[in-house]
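Examination of the molecular architecture
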Amino acid sequence: MDHRAIEQFVYQEARLLDSGRFADWLALFAQDAIYWVPAGHDDIDPTQHVSIIYDTLPGIQKRIGRLNSGFAYAQDPASRVHRLVSNIEVVSRADDAIEVATMMLLVELSRHKQTIHSARCEFLLRREGADWKIARKKVNLLRNNEVLDSTPYLL
Amino acid sequence: MSAVMQKDIAGLIRRDAVHRSVYTDPGIFALEMERIFDRTWVYLGHDCEISQDGDYKTTFIGRHPIIVARLADGSVTALLNRCRHRGATVCQHEVGNSRFFRCAYHAWTYANDGKLLGVPMPAGYGPSFKREEHGLAKVPRVASYRGFIFGSMAIEGPTLEEHLGGTRKLLDDYCAVSPTGEIEVFRGYQKCGYDGNWKYQLENGVDPYHVGALHRSAVTADAMKIYKEGRGRVIDMDGHGVTDHSDWGPMPVDAGLTGGFNLVLFPNLILLRSQIRIVRPIAVDRTEIYTNVVRLKGVPEDVNLQRMRDQEFEFGAAGAFYTDDMEIFERSQRGLNSSAVDWVVFARGLDREQRQGGYLTSDMSDETQHRGIYRRWKQMMTAEPAMAAAE
């Protein structure tokens, strides 16, 4: 992937979440993917320190299944979310793997309350045949050591 | 004090209902801080968080910022995190290790046992200034049980063991899940907040009735068996709330939703599966919840890791269960802000609850444990200060 294709990939990832196309978003992930939102600070050891989210693919599937179930009351009504993605940088590049870092400003609106999250997102993209998949998405929230109000929407 | 005067407080708790102002009146909240959080035993933390000489953590008792420190002799002290000079907090970190705390403002410096070690340019204070009178204020009583450390702002009153009452056995059982009889916590907290009263969380921590309804999108059919087919009980245990589902066995090592119990230890500690949840009231309509994930000594690390992964999925700010709980706490606050209807109903099981093993208990979906919490609430909120000291 050249830089332009990488940009399009992370923009698409954000757009799928913003538009609630969770099944399409899930299809971006590799079978052994990790979706990780650290708690406390960005560089914790997730085997020794609790995280806000640490999902493997079955966890992501369950999370989405719940959101689509019609009984996830914390998303009734569903949040409206806008993501602004910028500062896209390639951190490392090999033939079959690219590490990409972005800055994300996420604005969520739920029942008159607007919440803003700033985060540095780290993606590990891996080539699988003709496709590139997300092997890891790590969302380093600026507020990850603060008290968070309910965050039932995907980050 | 606002609309509800002290003499009226007893009337806010009925046999089968609680008045909405208990959740919405800022005057009631201020009185709760004085009459509950300043008088009873409040959970501060676990031994393992401050295991080494000089370790400390910061926390709160009601509105008081507190430092809990491990001293060189192995004992634990709890200090008010407030410089005796002009009042600034002297410690800014959640956890750390230090033998002294220095206020940044004028560099008054205290030992970690609270003693004022020195002030810059001491001659300016003259001979009448007694340094020993200006140490960090101490939480009058600190005690622990099975590694759970509590503090009380009251000089006198029931001992910790008296306060815990029958729940001591549950704390024993909670530790006994570990093969060595000892528990620890993973590093870090899940920190959550909601715009609602703190007591919703106490009720919800021992409320089997809601699990199949509110958590329909998260609870498995298998786990629902303990509620639908079990013969578990809810218990008013000395004013603390318990749901006992040990008919499905003791609390499992994997912390799954089967046997064991949930415990709401009034006023600020909840033990539930692999969680130590600390309830921090901020305002009448704002609450913060700090949760530790418990790891067991003496089990394979992958078992502990799975305990944490399950809790992360289910609880915390993005948890499959907890987001719906916080949602309902906020909906409750919005509903109860209406003065059109006064009463919140806690009537389940009134006609079938009975005394068993010394405690009022009832069927798994009943509200006996909630009524017990509110009886305790009423007793504390209506006790005069002099009576409280003498009790």
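Preceding block: the structure.
Residues numbered from 1 in each chain as written. Chains lettered and ligands numbered in written order. Predicted model: local features only at pLDDT ≥ 70, side-chain atom pairs only at ≥ 80, totals over all residues. Heavy atoms only, no water.

Overview of the overall build of chain B
- A count of helices and strands for chain B gives eleven helices and 22 strands.
- Structurally, chain B occupies a C-alpha span of about 75 × 55 × 40 Å along its principal axes.
- Taking all 391 residues of chain B together, the buried fraction comes to 58%.
- In chain B, the proportion of contacts linking residues at least 24 apart, taken out of those at least 6 apart, comes to 61%.
- In the form shown here, chain B has an accessible surface area of approximately 15900 Å², with 52% of it arising from carbon and sulfur atoms.
- Computed over 47 positive and 51 negative side-chain charges, the inter-centroid distance for chain B is 3 Å. (Helix = DSSP H or I, 4+ residues; strand = E, 2+ residues; numbered from the N terminus. Buried < 20%, exposed > 50% of the residue type's maximum accessible area, 1.4 Å probe, protein only. Contact = heavy atoms within 4.5 Å. Areas by Shrake-Rupley, 256 points an atom, 1.4 Å probe, with all protein chains shown as cover. Lys, Arg positive; Asp, Glu negative; His and termini not counted. Charge placed at Lys NZ, Arg CZ, Asp CG, Glu CD.)

Some words on the pattern of salt bridges
- Applying the stated criterion across every chain yields a total of 40 salt bridges over all chains.
- The salt bridge partner of A:Glu13 is A:Lys137, with a shortest N-O separation of 2.8 Å. Here the residue A:Glu13 occupies a position in helix H1 (residues 3-18), and A:Lys137 occupies one in strand E6 (residues 131-141), the gap between them amounting to 124 residues. Exposure class is identical for A:Glu13 and A:Lys137. Each is buried.
- Residue B:Asp342 is joined to B:Arg20 by a salt bridge in which the shortest nitrogen-to-oxygen separation is 3.9 Å. Taken together, the positions of B:Asp342 in the loop between helix H9 (322-336) and strand E20 (343-345) and B:Arg20 in the loop between strand E1 (17-19) and helix H1 (21-24) put the pair 322 residues apart, joining distant regions of the chain.
- Overall, B:Asp342 belongs to the partly exposed group, its relative accessible area being 33%.
- B:Arg20 gets classed as buried once you look at its relative accessible area, which sits at 15%.
- Each member of the salt-bridge network shares a partner with another, and the members are B:Glu182, B:Glu184, B:Arg295, B:Lys297 and B:Glu301. (Salt bridge = Lys/Arg side-chain N within 4 Å of Asp/Glu carboxyl O.)

Focus on the environment of B:Glu162
- Along the chain, the position of B:Glu162 falls in helix H3 (residues 160-164).
- With 206 residues separating them in the primary sequence, B:Glu162 and B:Thr368 have C-alpha atoms 21 Å apart.

A short note on helix H7 (residues 221-228) of chain B
Residues and elements named next belong to chain B.
- Among all positions in H7, only Ala223, Met224, Ile226 and Tyr227 are buried. An end-on view of H7 places all buried positions within 140° of arc, on one side of the element. Among the exposed residues of H7, those pointing more than 90 degrees away from its buried face are Ala221, Asp222 and Lys228.
- Summarising the contacts, the buried residues of H7 are in contact with helix H6 (211-214). (Arc of directions from axis to C-beta.)

What about the pairing of strand E16 (residues 261-265) of chain B?
Residues and elements named next belong to chain B.
- Burial within E16 is extensive, with five of its five residues counted as buried.
- Burial along E16 is two-sided: the residues Phe261, Leu263 and Leu265 and Asn262 and Val264 are all buried.
- The pairing of strand E15 (residues 240-244) with E16 spans four bridges and is classified as antiparallel. From the neighbouring strand, valine 242 faces E16, where its bridge partner is leucine 263.
- Taken together, the four bridges between E16 and strand E17 (residues 269-272) define a ladder with antiparallel strand orientation. Paired with leucine 263 across the bridge in E17 is leucine 271.
- Between E16 and the antiparallel strand that follows it, E17, lie three residues. (Pairing = 2+ DSSP bridges.)

Brief notes about the interface of chain B and chain A
- Of the residues lining the interface, 37 residues belong to chain B; the matching set on chain A comes to 31 residues.
- For the chain B and chain A pair, buried surface summed over both sides reaches about 2800 Å², with 50% attributable to carbon and sulfur atoms.
- Summed over the three residues of chain B that lose the most area to chain A, namely B:Arg187, B:Phe313 and B:Ala318, the buried surface amounts to 21% of that side.
- Between the two partners, chain B and chain A, sit four salt bridges.
- For the pair chain B and chain A, the number of links is 20 residue pairs in polar contact (both at pLDDT 80 or more).
- Looking at the side of chain B that touches chain A, the elements that each hand over two or more residues are strand E13 (190-194), H6, strand E19 (286-296), helix H8 (301-314) and H9 of chain B.
- Top contributing element to the side of chain B that touches chain A by residue count: H9(B), with seven residues.
- Alignment of strand E7 (residues 148-149) of chain A against E13(B), held across two bridges, turns out to be parallel. Note on E13(B): the bridge partner recorded for A:Asp149 is B:Gly193. (Buried area = accessible area lost by both parts, 1.4 Å probe. Polar contact = N/O pair within 3.5 Å; in protein donor to acceptor, adjacent residues only side chain to side chain.)

Thoughts on the packing of helix H5 (residues 198-205) of chain B against helix H10 (residues 368-382) of chain B
All names here are of chain B.
- Contact geometry of H5 with H10 gives a least axis separation of 9 Å together with a crossing angle of 140°. It follows that H5 is oblique to H10 by the angle criterion. Relative to H10, H5 is oriented so that their crossing is right-handed. Taking contact as the criterion, the partners of Lys199, Leu202 and Glu203 in H5 are, on H10, His370, Ile373, Tyr374 and Trp377. (Axes fitted to C-alpha atoms, helices over the stretch in contact; angles between N-to-C directions. Parallel < 35°, antiparallel > 145°, perpendicular 65-115°, else oblique. Left-handed = near helix turned anticlockwise from the far one by under 90°.)

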